[in-house]
Amino acid sequence: MAALYWQTVGEGKQDLVLLHGWGLNAQVWQTMIPRIASQFRVHLVDLPGYGRSQGFAPMDIQSMADIVWSQAPKNAIWLGWSLGGHVASRITLDHPHEVVGLISVASSPCFRAEGNQWPGIKPDVLLGFEHQLSADFHRTVERFLALQTLGTESARNDARMLKSVVLEQPIPTVEVLNAGLESLRTEDLRDELKALPVPFLRIYGYLDGLVPRKVAVLLDEMYPNSPSVVMRNSAHAPFISHPDEFCEYLIDFLNRLEG
């Protein structure tokens, strides 16, 4: 029977659940843990079908959210990176009275571009990745990981780190990865998140080529009660390229909740 990988570390009183992005697993957070372990009780999860959470069928965002929630602590802060941002958002929308706060990182409620109306990834690019996965699995995953670090001073090292995170744990199946890409192409939470009743922090990378910084400006208008941070020298993985700065924002968010 499929089992969800779940690890809890840290001495803080506040639960913080970390959800990784497409193709990766919870090892991606390792550089952050020493920086936040005294402030949070951190829950590291491999999403269903990813990393050590093997044996799950391909699934959509709602199904992943339901499975993760079934093992989750109540009254936690949920942090989701990229695709994980959709899962964390879905959980928060479904259980607003049992979630303390939501943090999205390099994530968008709608990843697909819509002409000049909405910045994002062109749908045909995501479809292209789906087709390429079947033809050349490893090369396609490497290309996607490389896109996440482009533009930063540490791009080469960051990409190498992401690749090692993938290769050191069980690799998702092509079917699971394609389901994730399909979610990125079709999910749209923009309207639902307008009514989100919990504190909601959005963190972006100024150099991000997958979630353009224009998204932050548009969502600032749509969600006036949700503050945003654009990390000036970061791309799609700000917690890897600039972990100290990133963790300061997490601790500040916690302090504001407690204050």
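Rules used in this analysis
Residues numbered from 1 in each chain as written. Predicted model: local features only at pLDDT ≥ 70, side-chain atom pairs only at ≥ 80, totals over all residues. Heavy atoms only, no water. Axes fitted to C-alpha atoms, helices over the stretch in contact; angles between N-to-C directions. Helix = DSSP H or I, 4+ residues; strand = E, 2+ residues; numbered from the N terminus. Parallel < 35°, antiparallel > 145°, perpendicular 65-115°, else oblique. Left-handed = near helix turned anticlockwise from the far one by under 90°. Contact = heavy atoms within 4.5 Å. Nonpolar A, V, L, I, M, F, W, Y, C, P; charged D, E, K, R; others polar. UniProt positions renumbered as here; feature names shortened; annotations may be inferred. Salt bridge = Lys/Arg side-chain N within 4 Å of Asp/Glu carboxyl O. Buried < 20%, exposed > 50% of the residue type's maximum accessible area, 1.4 Å probe, protein only.

### A few points about the packing of helix H5 (residues 137–147) against helix H6 (residues 155–167)
Phase 1: Where H5 contacts H6, the two axes come as close as 9 Å, and the packing angle between them is 140 degrees. When the axis of H5 is compared with that of H6, the two are oblique. Crossing angle aside, the handedness with which H5 passes H6 is right-handed. Within the contact between the two elements, H5 uses Glu-142, Leu-145 and Ala-146 and H6 uses Ala-159, Leu-162, Lys-163 and Val-166.
Phase 2: Of the residues contributing to the contact of H5 with H6, the split by class is five nonpolar, no polar and two charged.

### Structural notes on the UniProt feature "domain: AB hydrolase-1" (unreviewed entry) in the protein chain
Phase 1: Under the UniProt annotation, "domain: AB hydrolase-1" (unreviewed entry) lies at residues 16–243.
Phase 2: Helix makes up 41% of residues 16–243 and strand 14%, and the two end C-alpha atoms of the span are 16 Å apart.

### Description of the pattern of salt bridges
Phase 1: Counted according to the given criterion, the structure contains 14 salt bridges.
Phase 2: Among the salt bridges present, the one from Arg-41 reaches Asp-15, with a minimum N-O distance of 2.8 Å. Of the two residues, Arg-41 sits in strand E3 (residues 40–45) while Asp-15 sits in strand E2 (residues 14–19), which places them 26 residues apart along the sequence.
Phase 3: Among the ionic pairs, Glu-114 bridges to Arg-190, the shortest N-O distance being 3.0 Å. Here the residue Glu-114 occupies a position in the loop between strand E5 (99–105) and helix H4 (123–135), and Arg-190 occupies one in helix H8 (residues 190–193), the gap between them amounting to 76 residues.
Phase 4: The buried category is assigned to Arg-190, whose relative accessible area is 12%.
Phase 5: A network of salt bridges, in which partner residues are shared, links Arg-112, Glu-114, Asp-188 and Arg-190.

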